[in-house]
Amino acid sequence: MDAYKTGADALFILLGGIMILAMHAGFAFLELGTVRRKNQVNALVKILIDFAVSTIAYFFVGYAVAYGVNFFGATSTLVAKNGYELVKFFFLLTFAAAIPAIISGGIAERAKFHPQMAATAVLVGLVYPFFEGIAWNNRFGFQDWLNLTFGAPFHDFAGSVVVHAVGGWAALPAVLLLGARRGRYTKDGRISAHPPSNIPFLALGAWILTVGWFGFNVMSAQTLDKMNGLVAVNSLMALTGGTLVAFIMGRNDPGFVYNGPLAGLVAVCAGSDLMHPLGALVTGAVAGAIFVSLFTLAQNRWKIDDVLGVWPLHGLCGAWGGIAAGIFGSRALGGLGGVSLASQLLGTLLGIVVSGLGSWIIYGLLKKTVGLRLDAEQEYDGADLSIHRISATPERETTFQ
């Protein structure tokens, strides 16, 4: 029976890892559909290369930083428990690789390629796992202190803060240091609209992410005996709340509509194992409102050219999710309890500080040394031709007689 249990657990978490791996196709198509046509190839290539770099960084450095575990021993040791520890690494890698995938959407259309690969390696190898280890592996005693002081540790079941807020707040310094796309904001105060190049691809990316998110959330239980359908239904309710509010506030704009479910899902990750479904619905609805309002403010008033709105979507909705777990996870509002609002606030704040400061240092050094941005001619031509020497759709067919 033990063999069956370990095999079932390994398969359970492997299927979760595969579902989250598929979400990276969602990141790619969401970005491809949002950027202008001359930057579509770049969006596709970036997501894949970032995943490959993340794998190397997390395997050799990051996983050890977070969990104190490496895989350099004998293969006979690695296959223990049906290779459960290996597939657990794979599962958690797909979370870690979401950090550069999130950042990619914010810096789209004007960032150099190779400096972003270097930033990915350091973020996934050091910055992300540093906070991951604190939140999910009780490193450095922070969780013990919260538990002793406020009666409960910081709770983040599936990564509202650990993954999404960290990714969104890591993206913000990169966006600010890069500056806006040329022509986006004029000197006389006007804003040049850069509409999405392909709404169907944008919608496809959002749908892939939405479906994969049920692996992201449900399989965060990591073993079959801890799996609970409450997480799935809470995810469903949160994406519904986010969708409807984004639809109403965004005035039926498809860009807002299709980011609405993502906002809700980002926010519900932390408390999806604790909340009542009605609490999850409210959490998602508030997240939808946060995304629409803060995306509009950032783009139009503050002139922060965050192309996919990853800071409001992941950074702010993720932070809201960490706080919402402390609100709607409490018994007073129908949750299962075992959370402290103070712990949620401090844990969320620590994630923001670690990711924001780490990103500012990394991208600041890259800007001073090798530069972050394409030159004016390369940006005008587009990243597809400037970096990859090919466009997504050729202007004409070449025939040879």
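Now for a quick tour of the structure. Fair warning: this is a prediction, and the values are worked out from it, not measured in the lab. (Residues numbered from 1 in each chain as written. Predicted model: local features only at pLDDT ≥ 70, side-chain atom pairs only at ≥ 80, totals over all residues. Heavy atoms only, no water.)

Running from N to C, helix α8 (residues 160-178) and helix α14 (residues 341-369) cross one another at 35°; their axes reach a closest spacing of 8 Å. In the crossing of α8 with α14, the sense of the turn from one axis to the other is right-handed. Residues V161, A165, V166, W169, A170, P173, A174, L176 and L177 of α8 lie in contact with α14, whose contacting residues are G347, T348, G351, I352, S355, G356, S359, W360, Y363, G364 and K367. Broken down by class, the residue content of the contact of α8 with α14 amounts to 12 nonpolar, seven polar and one charged. (Axes fitted to C-alpha atoms, helices over the stretch in contact; angles between N-to-C directions. Helix = DSSP H or I, 4+ residues; strand = E, 2+ residues; numbered from the N terminus. Left-handed = near helix turned anticlockwise from the far one by under 90°. Contact = heavy atoms within 4.5 Å. Nonpolar A, V, L, I, M, F, W, Y, C, P; charged D, E, K, R; others polar.)

The subject of this paragraph is the packing of aromatic side chains. The geometry of an aromatic ring pair is captured by two quantities: the separation of the ring centres and the angle between the planes. Applying the stated rule across the entire model yields 23 aromatic pairs. Ring plane angle 80° and centroid distance 6.0 Å describe the contact between F95 and W136, whose orientation is recorded as edge-to-face. Pair noted here: F95 is in helix α4 (residues 80-96) and W136 is in helix α6 (residues 113-137), with a separation of 41 residues, a long-range link. Residue F95 is classed as buried on the basis of its relative accessible area of 1%. (Phe/Tyr/Trp six-rings, centres within 6.5 Å; stacked < 30°, edge-to-face > 60°. Buried < 20%, exposed > 50% of the residue type's maximum accessible area, 1.4 Å probe, protein only.)

Turning to the pattern of salt bridges, a few remarks are in order. Counting across every chain of the model gives 11 salt bridges. Put simply, D305 and R184 hold a salt bridge, and the shortest N to O gap is 3.3 Å. Placement of D305 in the loop between α12 (277-301) and α13 (310-328) and of R184 in the loop between α8 and α9 (199-218) is noted, with a sequence separation of 121 residues between them. Neither residue differs from the other here; D305 and R184 are each classed as buried. If you follow the salt bridges from partner to partner, you end up with R36, E109, R181, R184 and D305 in one network. (Salt bridge = Lys/Arg side-chain N within 4 Å of Asp/Glu carboxyl O.)

This part covers the side chain of N39. Relative to the helices and strands, N39 resides in the loop between α1 (2-34) and α2 (40-67). On the basis of relative accessible area, N39 is assigned to the buried category, the value being 2%. In this structure the side chain of N39 is engaged in a polar contact, spanning 2.6 Å, whose partner is the side chain of E109. Those residues within four positions of N39 in sequence are excluded, and the remaining contacts are E109, G382, A383 and D384. (Polar contact = N/O pair within 3.5 Å; in protein donor to acceptor, adjacent residues only side chain to side chain.)

Tracing the chain through its elements places R110 in the loop between α5 (98-106) and α6. Buried R110, no salt bridge; nearest opposite-charge side chain is D305, N-O distance 4.5 Å. At a separation of 3.0 Å, a polar atom in the side chain of R110 contacts the main-chain carbonyl oxygen of G106. For R110, the side chain forms a polar contact with the main-chain oxygen of A108, separated by 3.1 Å. Among residues more than four places away in sequence, those in contact with R110 are V175, L178, G179, A180, R181, D305, V307, L372, R373, L374 and E379. (Lys, Arg positive; Asp, Glu negative; His and termini not counted.)

Here α13 crosses α14 at 165°, and the two axes come no closer than 8 Å. Classed by the angle they form, the pair α13 and α14 counts as roughly antiparallel. Considering how the two elements wind past one another, α13 and α14 form a crossing that is right-handed. Each of A319, G322, I323, A325, G326 and I327 in α13 lies in contact with α14, whose residues at this interface are L341, Q344, L345, T348 and I352. In terms of residue class, the contact of α13 with α14 is built from seven nonpolar, four polar and no charged. (Parallel < 35°, antiparallel > 145°, perpendicular 65-115°, else oblique.)

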